[in-house]
Amino acid sequence: MDKGKKIWMDGRFVDWDDANVHILTHTLHYGLGVFEGIRCYRCEDGRSAIFRLREHTERLFASAHIALMEIPFTKDEINEATAETMRQSGLKDGYIRPLAYLGAGSMGLFPKNNPVRVAIAAWAWGAYLGEEGLANGIKVKISSLCRNHVNSGMSKAKLVGNYVNSILAKREVVSAGYDEALLLDTEGYVSEGSGENIFMVKDGVLKTTPLTSILQGITRDSVMQIARDKGIEIKEQRFTRDELYIADEAFFTGTAAEVTPISEVDKRKIGKGKPGPVTKEIQNIFFDVVKGRNKDYNKWLWYL
Ligand code: PPE
């Protein structure tokens, strides 16, 4: 891992190798914690820009609200700390991980006085599903595990504990030789990837899962706005696995995954089995936007 030099912990910077916690950190035992994943890109003019920082911070606080955790900093302070972490990392581009967690104090399932702690780290992270996958598409398998039911996992919150489901699904399909897992919801409709939202294209119309069992992806929202601005029709509507099998195109979106084409699902080729025209157009615009080449979306960039 190409690590950043410093990590922000509860208001001060510490060296990467000294960013430790007590073993009785509550979140480590029981999974109640919330986090974000943010990317910072190096733009063509040499400056670095964090993509949609404000929206990520908003979601961090929304997640904490759902989790009944009170973050002891303001949103402005977290925005500034995130930007400063990127500066102090010594990296020009990378992935930033804010995490709010329950520190050591009492044990058991009724944390009383455990402090809410916040840390922000940054490291260099290339293509999440590989350069080859980003260029030519990835092979996806539907996991035997369902995405958490909303009355169990609460997908609007980016909860630490929700990712047990994701890790188990990912391990299952990777060990079967696939690149990424797709999960269905408890009613059997397509939900999302282990760490991505999903889109399909049929007859020029874009479709994506509605906000029920999924994380409200910021990349998903960006792609929807880009598509609307391009005049592409878009529907938030649930769909089944067989509808996906006969789609013309499909792709995943996520901060880490960016816009990754899907070439096959459960051994069924999607369209021609390579990135289609709508996917490619959206992917190109997305990379222009995040790298500051498309000024129409400059409001999404927080320059360092
Ligand atoms: N669904 C899930 C379950 C999810 O984890 C992510 C992000 C998304 C959708 C897309 O959300 P957004 O990043 O706002 O577009 N997954 C993060 C975790 C990656 C990791 O392995 O860690 C991410 O992409 O940062």
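This text follows the structure it describes.
All of the points below concern the structure found in this document. Quantities reported herein were computed from a predicted structural model and do not represent experimental measurements.

1. Thoughts on the overall build of the chain
Summing up its helical and strand segments, the chain has eight helices and 18 strands in all. Relative to a compact globule of 304 residues, whose C-alpha radius of gyration would be 19 Å, the chain shows 19 Å and is just as compact. On the principal axes, the C-alpha backbone points of the chain span a range of 55 × 45 × 30 Å. Put simply, 70% of the contacts in the chain that link residues at least 6 apart link residues at least 24 apart. When the accessible surface of the chain is summed, it comes to about 14,000 Å², and 50% of that surface belongs to carbon and sulfur atoms.

2. A look at the site of the ligand
The environment of the ligand is made up of 22 residues, and the closest members are Tyr95, Tyr128, Tyr163, Thr219 and Thr255. In this structure, an oxygen atom belonging to the ligand sits 2.8 Å away from a side-chain N or O atom of arginine 59. Note that a nitrogen atom of the ligand is positioned 2.7 Å from one of the side-chain N or O atoms of glutamate 192. Surface burial for the ligand is 93%, taken as the share of its 540 Å² of free accessible area covered by protein chains. The set of elements that each furnish at least two residues to the shell around the ligand consists of β7 (94-102), α6 (218-229) and β15 (249-254).

3. Remarks on a nonpolar patch on the surface
There is a patch of nonpolar side chains on the surface, built from Val21, Ile23, Leu24, Leu28, Tyr30, Met107 and Leu109 and spanning about 700 Å² of accessible area. You can call leucine 24 partly exposed: its relative accessible area is 33%.

4. Section: the side chain of arginine 39
Structurally, the position occupied by arginine 39 is in strand β5 (residues 38-42). The buried category is assigned to arginine 39, whose relative accessible area is 6%. A distance of 3.1 Å separates a polar atom in the side chain of arginine 39 from the backbone oxygen of glycine 126. There is a polar contact of 2.8 Å between the side chain of arginine 39 and the backbone oxygen of threonine 255. Apart from residues lying up to four places away in sequence, arginine 39 is in contact with Ala49, Ile50, Phe51, Gly94, Tyr95, Trp125, Gly126, Tyr128, Thr255, Ala256 and Glu258.

5. Section: the environment of glycine 273
Examined against the element boundaries, glycine 273 turns out to sit in the loop between β17 (268-269) and α8 (277-290). In this structure, glycine 273 is in contact with Asn136 and Ser263, ignoring residues within four places of it in sequence.

6. Quick notes on the packing of aromatic side chains
Scanning the model with the defined rule gives eleven aromatic pairs in all. Relative to tryptophan 125, the ring of tyrosine 95 lies with its centre 4.6 Å away and its plane at 75 degrees, an arrangement referred to as edge-to-face. Of this pair, tyrosine 95 sits in strand β7 while tryptophan 125 sits in the loop between β8 (116-124) and α4 (131-136), and the two are 30 residues apart along the sequence. When its relative accessible area of 35% is taken as the criterion, tryptophan 125 is described as partly exposed. Plain terms: the ring middles of phenylalanine 286 and phenylalanine 287 are 5.5 Å apart, the flat faces sit at 75 degrees to each other, and that makes the pair edge-to-face. A residue is classified by how much of its surface remains accessible, and phenylalanine 286, at 2% relative accessible area, is buried. Given a relative accessible area of 14%, phenylalanine 287 falls into the buried group. Taken together, the aromatic side chains of Phe51, Phe286, Phe287, Tyr297 and Trp300 make up a single cluster linked through ring pairs. In this structure, lysine 170 packs its charged tip against the face of tyrosine 128, placed 5.4 Å from the ring centre.

7. Looking at the nonpolar core
Counting residues in hydrophobic clusters, the biggest one holds 28 residues, and the most contacted among them are Val34, Ile50, Met69, Ile71 and Ile96. Of all the secondary structure elements, the ones that give two or more residues to this core are β5, α2 (53-66), α3 (75-89), β7 and β8. Not counting the four nearest positions on each side in its chain, isoleucine 96 is found in contact with Glu36, Gly37, Ile38, Cys40, Ile50, Thr82, Met86, Ile120, Ala121 and Ala122.

So, how was this worked out
- Note on numbering: residues in each chain are counted from 1, in written sequence order.
- Per-residue local features of the predicted model are confined to residues with pLDDT of at least 70, and side-chain atom pairs are confined, for both listing and counting, to 80 or more; whole-chain, interface and lining totals are unaffected and use all residues.
- By convention in this description, side-chain values take in all heavy atoms of the structure and omit both hydrogens and water.
- Numbering of helices and strands runs from the N terminus; a helix is a DSSP stretch of H or I covering at least four residues, while a strand is a stretch of E covering at least two.
- This radius of gyration counts C-alpha atoms alone. The globule rule is 2.2 Å times how many residues there are, raised to the power 0.38.
- By definition, residues are in contact when any of their heavy atoms lie within 4.5 Å.
- Surface accessibility in these figures is a Shrake-Rupley result with a 1.4 Å probe; residues are shielded only by whichever protein chains are displayed.
- Residues are classed as near a molecule or strand on a simple rule: at least one heavy atom within 4 Å of it.
- Throughout this description, a polar contact denotes any pair of N or O atoms lying within 3.5 Å of each other; where both atoms belong to protein, one of them has to be capable of donating a hydrogen while the other can accept it, and for residues adjacent in sequence the pair is counted only when both atoms sit in side chains.
- Like charges within 9 Å and nonpolar side chains (Val, Leu, Ile, Met, Phe, Trp, Tyr) within 5 Å are joined into patches, using only residues over 30% in relative accessible area that form no salt bridge.
- Salt bridge, as applied in this entry: a Lys or Arg side-chain nitrogen positioned within 4 Å of an Asp or Glu carboxyl oxygen.
- For the exposure calls, accessible area comes from a 1.4 Å probe over protein chains only, and a residue counts as buried if that area is under 20% of its type's maximum, exposed if over 50%, partly exposed in between.
- We call Phe, Tyr and Trp rings a pair once their centres come within 6.5 Å, taking the six-membered ring for Trp, and we label the pair stacked below 30 degrees between planes, edge-to-face above 60, and tilted otherwise.
- Cation placement over rings: the criterion is NZ of Lys or CZ of Arg within 6 Å of the ring centroid and within 35° of the ring normal.
- We define a nonpolar core as any set of buried Ala, Val, Leu, Ile, Met, Phe, Trp, Tyr and Cys residues linked to one another through side-chain atoms lying within 4.5 Å.

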